[in-house]
Amino acid sequence: MAKYLTQRIIYMVVTLFLIASFTFFLMKIIPGTPFSNADKLSETQLSIMIDKYGLDDPVPVQYANYMMNLLKGDLGVSFQFNNVGVTDIIIKSLGPSATLGALAILFGTFFGIILGVVAALKQNTWVDYTSTFIAVLGKSIPSFVFAGLLQYYVAVKLGWFPVAFWRGPEYMVLPTIALAMFPLATASRFVRTEMIEVMESDYITLAKAKGASWFEIAFKHALRNALIPVITVLGPLVVSLMTGSLVIEKIFGIPGIGEQFVKSIQVNDYPVIMGTTLLFAGLFVAVILIVDLLYGVIDPRIRLAGGKK
Amino acid sequence: MEKILEVKDLHISFHTFSGEVQAIRGVNFDLLKGETLAIVGESGSGKSVTTKALMRLLPESNSEIKAGEILFDGKDLAKLSDKAMQKLRGKEISMIFQDPMTSLNPTMKIGKQIIEPIVKHQKLSKSAAKKRAIEILELVGIANPEVRFEQYPHQFSGGMRQRVVIAIALACNPKVLIADEPTTALDVTIQAQILELMKDLQKKIDTSIIFITHDLGVVANVADRVAVMYGGKIVEIGTVDEIFYNPQHPYTWGLISSMPTLDSDDEELYAIPGTPPDLLHPPKGDAFAPRNAYAMKIDLEKQPPMYKVSDTHYAATWLLHPDAPKVEPPPAVKRRQREFLEMKEGN
Ligand SMILES: Nc1ncnc2c1ncn2[C@@H]1O[C@H](COP(=O)(O)OP(=O)(O)OP(=O)(O)O)[C@@H](O)[C@H]1O
Ligand SMILES: [Mg+2]
């Protein structure tokens, strides 16, 4: 196991290195400089700034400098704000995004799995049709529509929760629900399909033939097997939600990383773009690793193939 | 001998998009204590449906027991509540399936899968159940049961898995064991081992077995009696000797003629011509008539009753009607009869 993990982590580092290099050169293709929007700078001021940040060095030199700093864990300084470290910017804006994303994924998958299981077991009854209806809504209606509806009815009309901002637990409820609808719908559909298939398999018939009850069959025998393929779709979903939904952050006025990222691209804030990209990439490869490990936890056949012994 | 199970006039239908499939159309048979009853017949004849009905394992969504009784221990299983049925499954009646590769839960340890029915039905503690499970594993011929107990199905070969399935089925000493083609998916040497094991265990725990198979060779090896199914009915039933050496139904003749024998390897293997009946629109007369070289006019119009051949031997064919012309069975069947008589005289 330790050997397997070390190997995987080495691959992850290589992947991140490649992504960092690729993004760096891509970024240099974007026309303009971080200061192109600052009209008030004179030609000389501009060249002083460019010189200060080493932006007139040949690209390979800039690249080497950046990578050296990166190795030291230094992501550089933002161009947008005076002398604020990229790491600080990311940490500050990642907090709300990660919290929101994690809440949405937990809430969404938990209820999605339950909805899917119930729909599968009550196939072609009103329970199933209701669950299908919820899933179709969750998948087809964009999250900002839910956000708007929730804000209007639950926050403004009923006054149960605050309309916007990010100042405490009660502020998290509505954006979480709005963001959770998609993972809820996705999980419930996948779980339903898998459950129906698993429920028809021989080992479920054998479990019935042993005298197992309805509940034991569904939750002790079927669910674990039905979850194996579901993990695959959940992985990427987790990443997209962890990094927050830009729209939801905007609607609820949440100071998250999505907003930060878009702003940095607009103003060519190279260090922040790089830092955020690396963060997203890092999260992504980490989730892939976690998904693989999770497979092993759920499916004993993979545990061995992963080289446990 | 004592009857342990009695199936009377069982009718089962499936409701499908194209209509009602009358899969079982009046099945009658008994199972005696300690005996092995083989059910043979081609694919789709209703063997699995009949036996699944005994345990009420047919899909609830589209199957229906339209009529009939399944008498077991003074109860009619066809009408038992789901709760009562759960108590009975795995305890009084157990089942072994065809494919050992798919009949164990891949994400559950073998030990846990064996313990489940023991804890459930015999109310033993976890540790007592584990002791019992290890005993059973040993009994079905699995070496290192303590180690195996902690392993997952994928760490077992096909033959080993079928032994585990047998262990699960026999964990609570059931009165009836239903084996639906338990050796079809295994290779020949393993097949023989599993059959030996089943015969051995049957003696030890004194259970009755219903053994479904395509393979008449296996029947001769394991069964006391044989029921031949065709088109959702039992068309002939009798002791092994009666079915092999004095068969009456033309379908049984066909089955026996299509059995490979030691000296038939050069010849083309005989196959019954035609296709099975359409159970969506079952024929008015004898379902086998269109494929029956000996069919008479009445075969197309009226279903034959069960004629008694001996106390243990019945067959549903108009050929047994007193007015029917005498016909000779095909040569392959007659050859067997001759061999059998010679063997008997030799003894
Ligand atoms: N779930 C179902 N829905 C509709 N029809 C079914 C269903 N299960 C079985 N049948 C029908 O019932 C009939 C009997 O099937 P059964 O499985 O008992 O055959 P079998 O004798 O066991 O065949 P095999 O030797 O292939 O296992 C077939 O015509 C089949 O199409
Ligand atoms: Mg079958």
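Residues numbered from 1 in each chain as written. Chains lettered and ligands numbered in written order. Predicted model: local features only at pLDDT ≥ 70, side-chain atom pairs only at ≥ 80, totals over all residues. Heavy atoms only, no water.

**Re the confidence of the model for chain A**
Put simply, the test is: pLDDT runs from 0 to 100 and stands for how confident the predictor is about each residue. Secondary structure counts use DSSP, requiring at least four H or I residues in a row for a helix and at least two E residues in a row for a strand, with both numbered from the N terminus.
Averaged over chain A, the pLDDT score is 84; the fraction of residues at 70 or greater is 94%. Looking over chain A, one finds the lowest element-wise mean pLDDT in helix α13 (residues 300-305) of chain A, namely 68, and the highest in helix α8 (residues 202-209) of chain A, namely 94.

**Quick notes on unusual backbone geometry**
How we decide: Working definition: with a 1.4 Å probe on protein chains only, accessible area under 20% of the residue-type maximum means buried, over 50% means exposed, and in between means partly exposed.
Within the chain, Phe-165 of chain A stands out as a residue other than glycine whose phi angle is a positive 80°. Along the chain, Phe-165 of chain A falls in the loop between α6 (143-157) and α7 (169-199). Its identity is not glycine, yet Asn-173 of chain B carries a phi of approximately 45°, on the positive side. Structurally, Asn-173 of chain B is set in the loop between α6 (158-170) and β7 (176-180). Its relative accessible area of 39% is what places Asn-173 of chain B among the partly exposed residues.

**A look at the pattern of salt bridges**
We apply this condition: A pairing counts as a salt bridge when a side-chain nitrogen of Lys or Arg comes within 4 Å of a carboxyl oxygen of Asp or Glu.
Here the structure, examined in full by the defined rule, presents 23 salt bridges over all chains. Glu-116 of chain B is the salt-bridge partner of Lys-220 of chain A, the closest N and O atoms lying 3.7 Å from each other. Here the residue Lys-220 of chain A occupies a position in helix α9 (residues 214-242), and Glu-116 of chain B occupies one in helix α3 (residues 110-122), the pair thus bridging two chains. In this structure, the salt-bridge partner of Glu-92 of chain B is Lys-175 of chain B, at a minimum N-O distance of 2.8 Å. Note that Glu-92 of chain B is positioned in the loop between α2 (82-88) and β6 (93-96) and Lys-175 of chain B in the loop between α6 and β7, a separation of 83 residues in sequence. Residue Glu-92 of chain B is classed as buried on the basis of its relative accessible area of 15%. For Lys-175 of chain B, a relative accessible area of 33% translates into the label partly exposed. Each of Lys-3, Glu-6, Lys-8 and Asp-30 of chain B takes part in one network of salt bridges that share partners.

**Remarks on the interface of chain B and chain A**
To keep things clear, this is the line we draw: Any pair of residues with heavy atoms lying within 4.5 Å of one another is described as a contacting pair. Each residue gets one label: Ala, Val, Leu, Ile, Met, Phe, Trp, Tyr, Cys and Pro are nonpolar, Asp, Glu, Lys and Arg are charged, and the others, such as Gly, are polar.
On the chain A side, the residues contacting the 27 residues of chain B number 23 residues. On the surface where chain B and chain A come into contact, there are three salt bridges. Between Lys-120 of chain B and Glu-216 of chain A there is a salt bridge; the shortest N-O distance is 2.9 Å. Elements supplying a minimum of two residues to the side of chain B that touches chain A: β6, α3 and α6 of chain B. Considering each element in turn, the side of chain B that touches chain A owes the most residues, six residues, to α3 of chain B. Within the side of chain B that touches chain A, the residues separate by chemical class into 12 nonpolar, 10 polar and five charged.

**Concerning the layout of surface pockets**
Rules: Using protein atoms alone on a 1 Å grid, points that fit a 1.4 Å probe yet trap it form a cavity, whereas open point sets bounded by protein on both sides within 12 Å along at least five of seven lines form a pocket; residues with an atom within 4 Å of a point count as lining. Grid points are joined across faces, edges and corners, and a volume is the space filled by probe spheres set on the points. Domain start and stop points were drawn from an automatic or database domain assignment.
In this structure, the largest pocket encloses a volume near 1,500 Å³. Lining the largest pocket are 40 residues; nearest its centre among them are Lys-208 of chain A together with Leu-58, Pro-59, Glu-60 and Ser-61 of chain B. Of all the elements in the fold, those that place two or more residues in the lining of the largest pocket are α4 (86-121), α7, α8 and α9 of chain A together with α1 (47-55), β4 (63-72) and α2 of chain B. Partitioned by chemical class, the residues of the lining of the largest pocket number 18 nonpolar, 10 polar and 12 charged. Lining the second largest pocket are 25 residues, and of these Asn-28, Ile-234, Ile-237, Met-306 and Tyr-314 of chain B sit closest to its centre. Split by domain, the residues of the lining of the second largest pocket number at least three in each of domain 1 (3-223) and domain 2 (228-346) of chain B.

**Structural notes on the site of ligand 1**
All names here are of chain B. Note the cut-off: The nearness test applies per residue and asks whether one of its heavy atoms lies within 4 Å of the molecule or strand. Under the rule applied, a polar contact is a pair of N or O atoms within 3.5 Å (in protein, one hydrogen donor and one hydrogen acceptor; residues adjacent in sequence only if both atoms are side-chain atoms). Residue-level accessible areas treat just the shown protein chains as cover; the underlying method is Shrake-Rupley with a 1.4 Å probe.
Taken together, the neighbourhood of ligand 1 is formed by 16 residues, with Ser-43, Gly-44, Lys-47, Ser-48 and Val-49 sitting nearest. Between ligand 1 and Gly-44, the relevant distance is 2.9 Å, taken from an oxygen atom to a main-chain nitrogen or oxygen of the residue. Take His-214: an N or O atom from its side chain is 3.0 Å from an oxygen atom of ligand 1. Here ligand 1 loses 69% of its free accessible area of 630 Å² to cover by the protein chains. Elements supplying a minimum of two residues to the shell around ligand 1: β1 (3-16) and α1. For the shell around ligand 1, the element with the highest residue contribution is α1, accounting for three residues. For the shell around ligand 1, a count of residues per class yields five nonpolar, eight polar and three charged.

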